[in-house]
Amino acid sequence: MSALATEGEAAAPRATLAVRDAARGSVFRELPTDDPTAVAEAAARARAAQPAWAALSVKERLGVLAAARRELVRGRAAVLDALAAETGKPRVDVVGELLGICLELRALSKKAARWLSRERVSARPFVGKRGYVLYKPRGLVGVLGPWNAPLHLTFVDAFPALVAGNAVIVKPSEVTPVAVYEAVLALNRVLPPGILQVVVGGPDVGAAVVDHVDLVCVTGSSATGRRVMERAARRLTPVLLELGGNDPMIVLADADLDRAARAAAWGGCLMTGQVCMSVERVYVEEAVAEPFTRKLEAELARLRFGADDGSREVDFGPFIGPRQIEIVERHVADAVERGARVVLGGKRAASATGVYFPPTLLTGVRADMAIMREETFGPVIPVQVVKDAFEAIRHANDCEHGLSASVGTRDLARGLALAERIESGSVWVNECVLVAAVPALPFGGLKQSGVGTRHGGAEGLRQFCVRQAVFADRTGLKREWSWFPYSTRRARLLDALLHHVFGR
Ligand code: NAD
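Residues numbered from 1 in each chain as written. Predicted model: local features only at pLDDT ≥ 70, side-chain atom pairs only at ≥ 80, totals over all residues. Heavy atoms only, no water.

1. Here we look at the pattern of salt bridges
Going through the model one piece at a time under the given rule, you end up with 27 salt bridges. Measuring nitrogen to oxygen at the nearest pair gives 2.7 Å for the salt bridge that ties D473 to K129. Taken as a pair, D473 in strand β22 (residues 465–473) and K129 in strand β4 (residues 129–137) lie far apart in primary sequence, 344 residues in all. Residue D473 is classed as partly exposed on the basis of its relative accessible area of 38%. (Salt bridge = Lys/Arg side-chain N within 4 Å of Asp/Glu carboxyl O. Helix = DSSP H or I, 4+ residues; strand = E, 2+ residues; numbered from the N terminus. Buried < 20%, exposed > 50% of the residue type's maximum accessible area, 1.4 Å probe, protein only.)

2. Observations concerning the nonpolar core
One recurring pattern in soluble globular proteins: nonpolar side chains tend to sit buried together. Ranked by size, the top nonpolar core spans 80 residues in total, and within it F155, V163, V168, V170, L196 and V216 carry the most contacts. With 9 residues, the single largest contributor to this core is helix α6 (residues 178–187). Grouped together as the second largest cluster of nonpolar side chains are 38 residues, V251, A255, A264 and L361 included. (Core = buried A, V, L, I, M, F, W, Y, C linked by side-chain atoms within 4.5 Å.)

3. Things to note about the pairing of strand β14 (residues 380–386)
Across the 7 residues that make up β14, a large majority, 6, are buried. Sheet topology places strand β13 (residues 360–363) next to β14; 4 bridges connect them, and they run parallel. Bridging across to β14, T360 finds its partner in V380. (Pairing = 2+ DSSP bridges.)

4. Some details on the sheet that holds strand β16 (residues 404–408)
Taken together, the 7 strands give an open sheet; going across it, the order is β12-β13-β14-β11-β10-β16-β17, and neighbouring strands pair in mixed fashion. The open sheet has two edge strands, β12 (341–344) and β17 (426–429), and neither has a second partner. Strand-to-strand, the axes of this sheet are offset by a mean angle of 25°, without reference to chain direction. By the bridge criterion, 3 bridges tie β12 to β13 in an arrangement that is antiparallel. (Axes fitted to C-alpha atoms, helices over the stretch in contact; angles between N-to-C directions.)

5. Points about the packing of aromatic side chains
Here the structure, examined in full by the defined rule, presents 6 aromatic pairs. Their ring planes at 40° and their centres at 6.2 Å tell us that F305 and Y356 sit as a pair that is tilted. One end of the pair, F305, is in the loop between α10 (286–302) and α11 (322–337); the other, Y356, is in the loop between β12 and β13, and 51 residues separate them in sequence. Here the basic side chain of R490 rests over the ring of W481, its NZ or CZ set 5.2 Å away from the ring centre. (Phe/Tyr/Trp six-rings, centres within 6.5 Å; stacked < 30°, edge-to-face > 60°. Lys NZ or Arg CZ within 6 Å of the ring centre and 35° of its normal.)

6. Regarding the site of the ligand
Lining the immediate environment of the ligand, one finds 30 residues, of which G145, W147, E174, T224 and E375 sit closest. At 2.7 Å from a nitrogen atom of the ligand is found a main-chain nitrogen or oxygen belonging to L243. Surface burial for the ligand is 91%, taken as the share of its 850 Å² of free accessible area covered by protein chains. Broken down by class, the residue content of the shell around the ligand amounts to 13 nonpolar, 11 polar and 6 charged. Looking at which domains feed residues into the shell around the ligand, each of domain 1 (16–243 + 457–466) and domain 2 (247–432) gives three or more. (Near = heavy atom within 4 Å. Polar contact = N/O pair within 3.5 Å; in protein donor to acceptor, adjacent residues only side chain to side chain. Areas by Shrake-Rupley, 256 points an atom, 1.4 Å probe, with all protein chains shown as cover. Nonpolar A, V, L, I, M, F, W, Y, C, P; charged D, E, K, R; others polar. Domains from an automatic or database assignment.)

7. A closer look at empty space enclosed by the protein
Counted by the stated rule, this structure contains 3 cavities of 30 Å³ or more. Contributions of two or more residues to the lining of the largest cavity are made by β10 (247–251), β15 (401–402) and β16. Tallied by class, the residues present in the lining of the largest cavity amount to 5 nonpolar, 5 polar and 4 charged. (1 Å grid on protein atoms, 1.4 Å probe; cavity = no way out; pocket = protein on both sides within 12 Å on 5 of 7 lines; lining within 4 Å. Points joined across faces, edges and corners; volume = space filled by probe spheres on them.)

8. Notes on the packing of helix α1 (residues 36–55) against helix α7 (residues 203–212)
Running from N to C, α1 and α7 point in directions that differ by 35°, and their axes come no closer than 9 Å. For the pair α1 and α7, the crossing hand works out as right-handed. Taken together, the residues of α7 that come into contact with α1 (itself represented by P36, V39, A40, A43 and R47) are V205, A208, V209 and H212. Split into classes, the residues belonging to the contact of α1 with α7 amount to 7 nonpolar, 1 polar and 1 charged. (Left-handed = near helix turned anticlockwise from the far one by under 90°. Contact = heavy atoms within 4.5 Å.)

By themselves these figures say nothing about function.
So this is what it looks like as structure tokens:
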């Protein structure tokens, strides 16, 4: 495959990547892989094409992208079928990914021209001058995507990068590259050649992308984020890192327990729990611990898991692969060994094909257990009973991650005040997960959960730009007071001015 991913192109034979159907376990597609040389060639093509793209007005670029988006949506079957097969997710989640990126582009189309226009600023302390800020594209942006929401988490960065006038190279996860590959094909039926390219491969290909771009966006594990940041530092390439989470949910004594239990069930088991901002640990005030746990058990017991093959309805699908389920099993075993009780689930479900783990509820957990300290990424909800809200906040913050967190309470003002004390990029009250779908809110993590934020209005778009300061004289004077020659008198004057303005 050429990195350009245009249709019908003759390409020299290359090594291929076998992509598995997560529910069946069998290979459903092979994609030719790229290597560092192919990445360098893709970067050269991108750099040749980018100036013409940047020369279009923002409105013109948005017009082209809207036409490309229509092409993508009309030809969505190939993309969505691939996404369903490689991730094993139910159709609702698969369609939701495409819907998410369309909403993203629509939000940009309304405001991008204003956000990217030149910004007049005051020229003070000088008079007779003019100053403004330009938002210019960085040039070439690299997007390295994860396997859990491949389409959404690639284009949530690629679209704003393109709107800002950059060329983009995306490298989807080697576990789930097909949907992104198909989406790039569809978009490239409209986009000018070289502006959006996909390269296929593993970390070595990702590293080559880092070596060639002017900004790298990574969604992945904290370990990968560190490696990418180290590599990017060689060329001082800026990074946007969206990394792992271990998100707490706090259920206060006055919470609507039905809503809290349903939120925990959805937030914990959505996409088999393989969501960066899934509910990973629950702290419940002791006054309501018993009824809340009962309700949560009932909600979890109702969930249907399996392959979404049209024969029945399911809420979540298989694990992406054996490695992921092993982490879940290790965390559950560690918790049980140290005294936790399995109220529901707890053991992988027998299946000849995909790997499945049932909704699992653990009680009697403690802060030192792996399940509370590390990202589990499975449909497992550990519930810890706490004395009060303060103890809950203390536990919530005693964590190396800081992606998102939620508080359940009927007292909105108190809930907001407590939520704001949690050390995480997003906090929610009586809500969960949906914040990532709100383009106006910044989304990103603190601590080991990331560097920078995506979305978030003008700032979210402008991070794909360099800011250029422009400053011009309008006085026409032969020279400035501050220029040579210096004198003792000028030093005295400056000193007096300093004292007069700032020293009194
Ligand atoms: P991963 O870290 O294994 O891989 C992410 C991407 O980086 C892949 O494309 C991979 O090939 C590439 N990569 C890996 N090592 C690299 C290296 N050394 N140099 C360059 N590229 C490299 O992540 P994953 O397992 O695909 O995704 C799961 C993780 O992603 C979880 O930890 C999850 O919490 C996190 N995640 C975070 C967010 C967020 O927005 N914060 C969203 C989804 C997933």
